[in-house]
Amino acid sequence: MGTSGTRLRVGLVGAGLVGQAAHAYFLWDDRERFELVALADPSAGVRAAVGDRYGIPERHAALGDLLGLGLDAIVVAVPDALHADVACQGLEAGLHVLCEKPLALSLEECDRIAAARNASGRVLQVGTMKRYDPAYLRLLELLPESAADVRYLSVEVRDPDQRPFVSHLPMTAATDLAPELGQELRTRMAARIREASGGDPPAGGARAFEAYLSSLVHDVSLLQGVLERLGEPWCERADDGAWWDEGRAVSLSAALPGGGRAHLMHHNLPGVNDYSERVTLHCTDRVLELTFPSPYLRHQPTRLVEHRNDGDIGLRSTIHHISYEEAFRQELRAFADACVGTGPIVTPVEAGRADVALLIDAYRLAVARA
């Protein structure tokens, strides 16, 4: 590997939405930790535009072309159906890997990544960046000591897609991809959906599968972080799941340790250009409310409000303003620390697998109800 001090030589694999709107910029901007050496993307137009924008010297079509460049690590931001193949290829080449969420689209793929991680001894961190949000980290500090005091956790997300929140950013569309690449992705995705559905999915099932695995995954990860903080095992089984609005809206419910419950809902609502993601914890002596902005808006801090009684009939509501720091940047910094051995792997393979297990379980329950 080519590590110089604690500065990592990094390659970005995949420069689509999240690759351009987040990872490329933050890797380039955080020069004390990263040297953005290489970019791999099948679009020549994207490689040229993003490479020029951030001064990336090595630009290639695929990860294999990057393996002789003395990299320390890669950030994997390829389409979800390719996560397992690219992550395993990176690990097998001796590279540390930050893999965008979801870790994979099946438990078999998650286990394949885990085996490659174990054999390589390298870091694999899952890119559920909201686990690194400063306000979320403060929420964890404000939790009660016992899971029995968490009575209800709710998540409500209204998501119009990304266009209103990235239109001001320099984004280059991949208009020059070979048709067979798109067909391969569709084939892979269809296979994973059929596997999870036990056959051909019912109407709305394909869209719902993507909503669970690619969107609700963030909030499932937040739930897992709460359970971890309380000293409880991750949740891998749902007791209810549903979709509606042709699969644009999905939900899951699960039991919490100590008798509480969780209910998570994500609704893709492209007719209203407003993003809202609210996470609320009802505890026996406090209510904690997180409201996230669109993940692509920079320096828009997550709002954390803590409600507690004040005397017999009074109420004290405290707004916690923590930082303007970006969750994407904090995620990458945590990855760098883990790679050089100065910090923990906060979201390892095992956490990513637990997320996928819960989401697929909820999807299968929703299929049974459809």
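The coordinates are above.
Every value quoted in this text rests on a predicted model; they were computed, and no experiment measured them.

J.: What am I meant to see in the nonpolar core here?
T.: Generally speaking, soluble globular proteins have nonpolar side chains that are buried together. In terms of nonpolar packing, the biggest core is built from 116 residues, with Ile113, Leu139, Tyr212 and Leu281 touching the most fellow members. Here this core takes 12 residues from helix 8 (residues 205–229), the largest share from any one element. Apart from the residues lying within four places of it in its own chain, the contact partners of leucine 281 are Leu139, Leu143, Val150, Tyr152, Leu153, Val226, Arg286, Val287 and Leu288.

J.: I'm lost on the packing of helix 8 against helix 10 (residues 349–369) in this one. Help?
T.: Packed helix pairs are specified by the crossing angle of their axes together with the interaxial distance, meaning the distance between the axes. The geometry of helix 8 relative to helix 10 is characterised by a closest axis approach of 9 Å and an angle of 135 degrees between their N-to-C directions. As far as their axial angle goes, helix 10 and helix 8 are oblique. Of the two possible hands of crossing, helix 8 and helix 10 adopt the one that is right-handed. Listed contacts from helix 10 to Gly205, Ala208, Phe209, Tyr212, Leu213, Leu216, Val217, Val220, Ser221, Leu223 and Gln224 of helix 8 are Ala354, Asp355, Val356, Leu358, Leu359, Ile360, Ala362, Tyr363 and Ala366. Taken together, the residues that form the contact of helix 8 with helix 10 break down as 16 nonpolar, 3 polar and 1 charged.

J.: Is there a simple way to think about helix 1 (residues 17–29) in this case?
T.: An α-helix turns once per 3.6 residues; consequently, residues spaced three or four apart project the same way. For helix 1, spanning 13 residues, the distance from its first C-alpha to its last is 18 Å, which sits close to the expected 18 Å at 1.5 Å a residue. Along its length, helix 1 reaches its greatest deviation from straightness, about 35 degrees, at histidine 23. Listed as buried for helix 1 are Val18, Gly19, Gln20, Ala21, Ala22, His23, Ala24, Phe26 and Leu27.

Rules behind the numbers
Residues numbered from 1 in each chain as written. Predicted model: local features only at pLDDT ≥ 70, side-chain atom pairs only at ≥ 80, totals over all residues. Heavy atoms only, no water. Core = buried A, V, L, I, M, F, W, Y, C linked by side-chain atoms within 4.5 Å. Buried < 20%, exposed > 50% of the residue type's maximum accessible area, 1.4 Å probe, protein only. Helix = DSSP H or I, 4+ residues; strand = E, 2+ residues; numbered from the N terminus. Contact = heavy atoms within 4.5 Å. Axes fitted to C-alpha atoms, helices over the stretch in contact; angles between N-to-C directions. Parallel < 35°, antiparallel > 145°, perpendicular 65-115°, else oblique. Left-handed = near helix turned anticlockwise from the far one by under 90°. Nonpolar A, V, L, I, M, F, W, Y, C, P; charged D, E, K, R; others polar. Expected span 1.5 Å × (residues − 1). Bend = angle between axes of the 7 residues up to and from the residue.

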